[in-house]
Amino acid sequence: MNGPSMPGPAAPPVLLEAGAAVGGTARQLTRLGQGDHVCLVYERPEEHVVALVPYIRQGLERGERCVYVVDEHGVGEVAAMLEAHGVEVERERERGALVFLTKRETFLRGGRFEPEEMIAYFHRVEEESVAAGFSGVCATGEMSWALGPEPTREDLLRYETLLNDYLPGSRAMANCQYHRSRFPPEIIQDVLRTHPRVILGDEVHENLFYETPEMLLGEESAAKRVEWMVRQLKRVRESERELVLMGLRLSEQSVENRRLYEEAREAVRARDEFLSVASHELKTPLTPLRLRLQGLRREVEGSGGEVVPRERVVSAARGAEQQLHRLAVLVDALLDVSRLTQGRLVLTWEALDVVEVVREVVERFAQQAAKMGSEVEVVADGPVEGRWDRLRLEQVVTNLLSNALKYGAGRPVHVAVAEERGQAVLVVRDEGIGIGPEHQERIFGKFERAVSGRHYGGLGLGLYITRQIVQALGGTIEVESEPGRGATFRVVLPRTSSPSPLGRGSG
Ligand code: ADP
């Protein structure tokens, strides 16, 4: 079947300009497919373009035969509109994929409008198209012909109703074009009652006012009609609810995204700060180390072959060793953190006396304490025994004691070990600068510090590592402090520790 091709004028510029909006509608129109009966109720020429171009283009893409019944616009005008938006009109017409027909070849065949006859004709077109190898029929008609003496309002209503019977399950779809201001409102009202979907502007709407053929032809009982109305009302409510839920989900997601973003930003900030603090800390021992070694070299070079006195060499070596020790402690802390982060802290459980461990560590700090002018007092009634990891326990005491000396303002430091309700309790108290309540939880975090790097060196890792170890040993650590009035750290360790997931060992 081939419609007459009439050369017509080129598309008016407004139709061409409207092309910009075509993409938007195309997305919406993809929801339409075979079996659909839709009407396009339009007012402005660009509304006609944005709906029609994608409708035809998608029909062609789906391998359907596109049948366009012209009336208000001439064939040339419609062809130019399609051509302007990438449809190869001539080629499609040659292979029979795009067919233009007039009202006399379709609605007014035989000079009269017969709804049943028109549906039968539509059915034949569908069969012929499928037989010719097309996947179906994508039809659209400009309904302006209906403004003539034919048809009556009832004819038109019957025709649309019959289409609703025929189209579902068929391989055809129909798009009836109504230029709104040209039709009396009564007709547009019927149109809105007879099309399950409506294209308005550049959107496809599920039509709430659509009535089934039975309802339209008045064969439906009042009870059924009420049921339908209630269903429609619920449908609206349901869509509203879905929208609200979707909105809620979106806003929840954006709050969550915001939180994740802030968290990531904070982590990056902490890491940057840590890197600058860490490089500073690692560099600090290097300067005296270099000076010591340079001094020694100059002395040897300038000695003119004389033997450099033994005590000078020993003193330089001892100074260098001290700085190396400082470096090693820093590197160990960094290694510990990386192990802890990866959950690789391995514990070796053995029988120990906490008092003995504490005394040994205090002993090691004797020199440093003297330098700071602080006296360290150890109070214990007797041994406090249990099974723990010796090196890790030493690390806990070392971190707490070195902090007490560092932040202790040269005043006495008190260490007490006792047994309370079957648990070992270690308390380290100083009388120094103290910690503000707002920092007391934070300082146990990775890289967290409550003092400025200018006044006190440090990586902000000691308490983090300490708490991780204490927890791996099954215990707890707490701090009590007031700014300017010293700090008290209290560690409680169960004596028969069961290994936590962080620790592994002989139990
Ligand atoms: P660092 O001492 O390297 O900064 P820590 O993790 O050991 O790291 O301590 C974290 C922070 O807690 C310190 O920067 C300091 O602000 C505070 N702090 C720790 N111990 C004390 C203490 N005994 N007195 C006052 N402040 C302390």
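All of these numbers come straight from a predicted model, not from anything done at the bench.

Peer 1: Help me out: how do you make sense of the packing of aromatic side chains in this one?
Peer 2: Each pair of aromatic rings is reported with the distance of its centres and the angle of its planes. Evaluation of the coordinates by the stated rule reveals 10 aromatic pairs. Centroid distance Phe107 to Phe113: 6.3 Å. Interplanar angle 55°. Geometry classified as tilted. Centre to centre, the rings of Phe444 and Phe489 are 6.3 Å apart; their planes meet at 75°, and the pair counts as edge-to-face. Remark: Phe489 occurs in strand β14 (residues 487–494) and Phe444 occurs in the loop between β12 (423–429) and α16 (462–472); sequence separation between them is 45 residues. No difference in accessibility class separates Phe444 from Phe489, as the two residues are buried. Aromatic ring contacts, followed pair by pair, group Phe107, Phe113, Trp145 and Tyr159 into a single cluster.

Peer 1: Explain the packing of helix α11 (residues 286–301) against helix α12 (residues 310–341) here, please?
Peer 2: When two helices pack together, you describe them by how their axes are tilted relative to each other and by the distance separating the axes. At a minimum axis separation of 9 Å, α11 and α12 run at an interaxial angle of 160°. When the interaxial angle is binned, α11 and α12 end up roughly antiparallel. Between α11 and α12 the crossing geometry is left-handed. Contacts between α11 and α12 involve Leu286, Pro288, Leu289, Arg292, Leu296 and Glu299 on the former and, on the latter, Arg312, Val313, Ser315, Ala316, Gly319, Ala320, Gln323, Leu324 and Leu327. Among the residues forming the contact of α11 with α12, the class breakdown is 9 nonpolar, 3 polar and 3 charged.

Peer 1: Please clarify how the side chain of Ser144 should be interpreted in this entry.
Peer 2: Structurally, the position occupied by Ser144 is in the loop between β4 (137–142) and α7 (153–166). By relative accessible area, which is 10% here, Ser144 ends up buried. Within the local environment of Ser144, its side chain forms a polar contact with the backbone nitrogen of Glu72, the two atoms lying 3.3 Å apart. Non-local contacts of Ser144, meaning those with residues more than four positions away in its chain, are made with Asp71, Glu72, Arg182 and Phe183.

Peer 1: Honestly, the pattern of salt bridges in this entry has me stumped. Any pointers?
Peer 2: Evaluated as defined, the whole model comprises 35 salt bridges. Close ionic contact of Glu47 with Arg44 constitutes a salt bridge, the shortest N to O distance being 3.2 Å. Its relative accessible area of 42% is what places Arg44 among the partly exposed residues. Here Glu360 ties to Arg390 by a salt bridge, and the two come within 4.0 Å at their closest N and O atoms. Highlighted residues: Glu360 in helix α13 (residues 354–364) and Arg390 in helix α15 (residues 390–406), separated in sequence by 30 residues. According to the relative accessible area criterion, Glu360 is partly exposed, its value standing at 32%. For Arg390, a relative accessible area of 23% gives the class partly exposed. Among the charged side chains, a network of salt bridges with common partners joins Glu88, Arg91, Glu92 and Arg95.

Peer 1: What's the story with the site of the ligand in this structure? I'm lost.
Peer 2: Not every one of the 20 residues close to the ligand is listed here, only the nearest: Asn403, Tyr407, Asp430, Arg449 and Leu463. Within the contact set of the ligand, a nitrogen atom lies 2.9 Å away from a side-chain nitrogen or oxygen of Asp430. Here an oxygen atom of the ligand sits 2.8 Å away from a polar atom, N or O, in the main chain of Leu463. Here the ligand loses 97% of its free accessible area of 530 Å² to cover by the protein chains.

Peer 1: What am I meant to see in the sheet that holds β14 here?
Peer 2: Strand order across the open sheet formed by 5 strands is β9-β11-β12-β14-β13, with mixed pairing between neighbours. Every interior strand has two partners, whereas the edge strands, β9 (376–380) and β13 (476–481), have only one. Pairs of neighbouring strands in the sheet enclose a mean axial angle of 15°, with direction left out of account. For β13 and β14, the ladder comprises 6 bridges, and the chain directions are antiparallel. Counterpart to Val479 in the pairing with β14 is Phe489. This element, α13, spans β9, β11 (413–420) and β12 of the sheet and lies at about 170° to β9.

Peer 1: Could you clarify how one ought to interpret the sheet that holds strand β3 (residues 98–101) in this entry?
Peer 2: Whenever strands of a sheet pair, they do so through backbone hydrogen bonds, lying parallel or antiparallel. Judged by pairing direction, the sheet is mixed, and its 7 strands sit side by side in the order β3-β2-β4-β5-β1-β6-β7 without closing on themselves. If you trace the sheet from one side to the other, it starts and ends with β3 and β7 (203–206), each paired once. In this sheet, adjacent strand axes meet at a mean angle of 20° when their direction is disregarded. Where β4 lies against strand β5 (residues 172–179), 6 bridges are found, and the strand directions are parallel. Across the sheet, Glu142 pairs through a bridge with Gln177, a residue of β5. Across the sheet, helix α3 (residues 45–61) lies against β1 (37–42), β2 (65–69), β3, β4, β5 and β6 (197–200), angled at about 155° from β4, the strand it touches most. The sheet strands contacting helix α6 (residues 115–131) are β2, β3, β4 and β5, and the helix crosses β4 at an angle near 140°.

Cut-off values and rules
- Residues numbered from 1 in each chain as written.
- Predicted model: local features only at pLDDT ≥ 70, side-chain atom pairs only at ≥ 80, totals over all residues.
- Heavy atoms only, no water.
- Phe/Tyr/Trp six-rings, centres within 6.5 Å; stacked < 30°, edge-to-face > 60°.
- Helix = DSSP H or I, 4+ residues; strand = E, 2+ residues; numbered from the N terminus.
- Buried < 20%, exposed > 50% of the residue type's maximum accessible area, 1.4 Å probe, protein only.
- Axes fitted to C-alpha atoms, helices over the stretch in contact; angles between N-to-C directions.
- Parallel < 35°, antiparallel > 145°, perpendicular 65-115°, else oblique.
- Left-handed = near helix turned anticlockwise from the far one by under 90°.
- Contact = heavy atoms within 4.5 Å.
- Nonpolar A, V, L, I, M, F, W, Y, C, P; charged D, E, K, R; others polar.
- Polar contact = N/O pair within 3.5 Å; in protein donor to acceptor, adjacent residues only side chain to side chain.
- Salt bridge = Lys/Arg side-chain N within 4 Å of Asp/Glu carboxyl O.
- Near = heavy atom within 4 Å.
- Areas by Shrake-Rupley, 256 points an atom, 1.4 Å probe, with all protein chains shown as cover.
- Pairing = 2+ DSSP bridges.

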